[in-house]
Amino acid sequence: MAGFYLAVGEEFFDNLRRSGCYYVDKTEMIYEIAGAGGARVTLFTRPRRFGKTLAMSMLQSFFDITKDSRDVFEGLAVTKHADFCRQWMNRYPVLFLSLKDVCGLDFENAYAMLKARIADLCKKHFYLADSQKVNVLDQQVFLKLCAEDAGISQVKDALLLLTRMLHAHYDRPAVLLLDEYDVPLAKAYDAQKASPEYARRMLDLMRALMSSALKTNEYLKFAVITGCLRVAKESIFTGVNNFKTYSILDRRYCSSFGFTKDEVKALLNEAGYADQMDRIQSWYDGYVFGDREIFCPWDVVNFVWDLLENPNKEPDNYWKYTSGNDILRFFAHNLSFQVSEKFETLMNGGTIVQTISDELTYHNLSEKEDNLWSVLFMTGYLTKAEKLEYGRTVHLRIPNTEVAEIFQETVVACFRDSMDGNVQMELMETLWNGKEQEASRIISDLLWDTISYNNYHENYYHAFLTGLFAGQPYVVKSDQENGLGRTDLVVKDPKNRRAILIEAKKADTEDAMEKECVRAKRQIIDKQYARGLSGYTSIVCYGIAFYQKTALVRRLEE
């Protein structure tokens, strides 16, 4: 659409505003943080891709004394507070440090990444090295930090040092913006099996870094911190005065991250795609922050971007590509907790009741089932079922189609990874030999052993079957063109010149399974699927019908 521009993945507020791209105004939070009784240290915890980094860049642009930001904030909500803007806009030195890339396979690599990020931050303020107002001894440590040559005790005090130097240079306290503060701890936790000391050493480092910067720091005006989880039991924030945390459970700031329904409608109207609201709502809505319904902004912007390129574009799963979804996979694999029935309830569109904590610990994350449900909730895999439900014990559900798809794919992957190879071989022998009843029993038993759901479509069973043959010494093709159509599954054994053709159907009732098998076998004949397997001397064809956790296998007689 002429005159309408979107930026995908732009995390720098000034670039977004000066490029003329569409911006959903979130600037009112600036006034709330600094001018309306905000805390000295504020922590916002939100799932990934809900605009945390862009919000921090916005704060930097507004407060940074080295900038003139009047043009980028012109016409935005915060400018309605004229006296506040005169008092605060571009009036304070700002430190903006992101820890999202501080990771590694061991502590040494992660520590090197942290030193590199601190060095980059120092270089942005390199004028402090020559400032006549700054203590010479501080400047010597500063140069070591720039060169990544400082000792660990100096790295731990780096943010305190920088705030002190900025205060001396500008004669004003500094604003500290710390983005994705919990990433180093999360990465250390993920790698602790391979490197047990990694998590302990990273915790010690982060505790010292945060404590020196935030606790009784007279050179600090205020700090804003973002992350996915509040790490409390490790005592990272112990002793920090006037500290407030706002999670997705809190009503205050509930619409400061993510898009509200009205904001999505306005964006779609501007883009010329108002008719896409229902589909966007089904795929990317459903989150409840505080008492507000919230859309994932990453998904909305990506989908509208794609619509501008291709008006016939179907919704896609953009969120799953932003992470490995390790926490969901770990939960599904964890045999210490009996969670299968709860997973199935969720995947059927139902709700479960859990006690949620927004004060979590990576060190003891897997010790309690409640901790893991809390992580799934805080990181966006689950949400509150009721907007007006308050307190820590809440009904939880999967928020939307996009996240439900991630659950489904993860369940299939977990099933495939944990499958007994002997059972796979037994199943293959029954299929090669045409043993219908035995194959039906084995597949049904495997369905009962995995997490599944009732309102699935044929594509779930399709993926399930594909997983059954994974790792076997055969060529497995899914949705391959054969004859006059596409066969659901083809398993080829070229060495013995034999193949299996499978067409899968979903039955609406258990009584209808036989009928669906007949329909599947008729499709194999009508579409001439076997015609694409010339040269194979033995081709065994099956129609398989599924109803919930039961499979019925029927062979097509030659």
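Shown above is the structure to which this text applies.
What you see is a predicted model, and the numbers here were worked out from it, not measured in a lab.

## Structural notes on the packing of helix α20 (residues 436-449) against helix α21 (residues 458-468)
Interhelical geometry of α20 versus α21 gives an angle of 110° and a closest axis separation of 12 Å. On the basis of their axis angle, the class for α20 and α21 is roughly perpendicular. Listed contacts from α21 to I443, L446 and L447 of α20 are Y461, F464 and L468. Across the contact of α20 with α21, the residue classes break down as six nonpolar, no polar and no charged.

## Looking at the sheet that holds strand β14 (residues 498-506)
In spatial order, the strands read β12-β13-β14-β15-β16; together these five strands make up an open sheet with mixed pairing. Strand pairing shows two members of the sheet lacking a second neighbour, β12 (475-482) and β16 (550-555), which therefore form its edges. The mean angle between the axes of side-by-side strands here comes to 30°, regardless of whether they run parallel or antiparallel. Note: β12 against strand β13 (residues 485-493), seven bridges, orientation antiparallel. Its bridge partner being in β13, V475 is matched across the sheet by K492. The strands that α21 touches are β12, β13, β14 and β15 (538-547); relative to β14, the one it contacts most, it runs at about 150°. On top of the sheet, helix α22 (residues 513-526) reaches β14, β15 and β16; it is set at about 145° to β15, its chief contact.

## Focus on the packing of helix α12 (residues 261-271) against helix α14 (residues 297-309)
Two elements in contact, α12 and α14, have axes whose closest approach is 11 Å; the angle formed by their N-to-C orientations is 15°. Judged by the inter-axis angle, α12 sits roughly parallel to α14. As α12 packs across α14, the resulting crossing turns out to be right-handed. Residue-level inspection shows V264, L267, L268 and A271 of α12 in contact with α14, the latter providing V300, V304 and L308. Here the residues of the contact of α12 with α14 sort into seven nonpolar, no polar and no charged.

## A look at the state of the cysteines
The final tally for this structure, using the stated rule, is zero disulfides. Free of any disulfide, C122 has its nearest cysteine sulfur in C146, 4.6 Å distant.

## Considerations on the pairing of strand β11 (residues 393-397)
Side chains of β11 alternate between two faces, with V394 and L396 buried and T393, H395 and R397 left unburied. Pairing geometry for strand β9 (residues 352-355) and β11, over four bridges, is antiparallel. Within the sheet, the bridge partner assigned to I352 lies in β11 and is L396. As paired strands, strand β10 (residues 383-384) and β11 are joined by two bridges and run antiparallel to one another. Within the sheet, the bridge partner assigned to K384 lies in β11 and is L396.

## Section: the pairing of strand β4 (residues 220-227)
With seven of eight residues buried, β4 is to be regarded as a mostly interior element. Sheet topology note: the strand β1 (residues 41-45)/β4 ladder contains five bridges and is parallel. In the sheet register, T42 faces β4, and the bridge partner there is V224. Pairing of strand β3 (residues 174-179) with β4, which is carried by five bridges, proceeds in the parallel orientation. Looking across to β4, one finds that A174 is bridged to L220.

## Focus: the pattern of salt bridges
This model, assessed by the stated rule, comprises 29 salt bridges. A salt bridge links E32 to R252, with the shortest nitrogen-to-oxygen separation between them at 3.8 Å. Taken together, the residues span a long stretch of sequence, with E32 in helix α2 (residues 28-35) and R252 in the loop between β5 (243-246) and β6 (259-260) at a distance of 220 residues. With a closest N to O distance of 3.0 Å, D204 and K156 form a salt bridge. Pair noted here: D204 is in helix α11 (residues 196-214) and K156 is in helix α8 (residues 152-156), with a separation of 48 residues, a long-range link. Among the charged side chains, a salt-bridge network with shared partners connects D14, R18, K67 and D71.

## Concerning the sheet that holds β5
With parallel pairing, five strands are arranged side by side in an open sheet as β2-β3-β4-β1-β5. The sheet is open, and its two borders are formed by β2 (94-98) and β5, each paired with just one other strand. With direction set aside, neighbouring strand axes in the sheet form an average angle of 10°.

## Looking at helix α7 (residues 136-146)
Buried residues of α7: D138, Q139, F142, L145 and C146, and no others. One side of α7 holds all its buried residues, which, seen down the axis, span an arc of 115°. Of the exposed residues in α7, those oriented more than 90 degrees away from the buried face are V136 and L137. On its buried side, α7 packs onto α6 (107-124), α8 and α9 (158-170). Phi turns positive one or two residues past the end of α7, at E148, with a value near 60°.

Calculation rules
- Residues numbered from 1 in each chain as written.
- Predicted model: local features only at pLDDT ≥ 70, side-chain atom pairs only at ≥ 80, totals over all residues.
- Heavy atoms only, no water.
- Axes fitted to C-alpha atoms, helices over the stretch in contact; angles between N-to-C directions.
- Helix = DSSP H or I, 4+ residues; strand = E, 2+ residues; numbered from the N terminus.
- Parallel < 35°, antiparallel > 145°, perpendicular 65-115°, else oblique.
- Contact = heavy atoms within 4.5 Å.
- Nonpolar A, V, L, I, M, F, W, Y, C, P; charged D, E, K, R; others polar.
- Pairing = 2+ DSSP bridges.
- Left-handed = near helix turned anticlockwise from the far one by under 90°.
- Disulfide = S-S within 2.5 Å.
- Buried < 20%, exposed > 50% of the residue type's maximum accessible area, 1.4 Å probe, protein only.
- Salt bridge = Lys/Arg side-chain N within 4 Å of Asp/Glu carboxyl O.
- Arc of directions from axis to C-beta.

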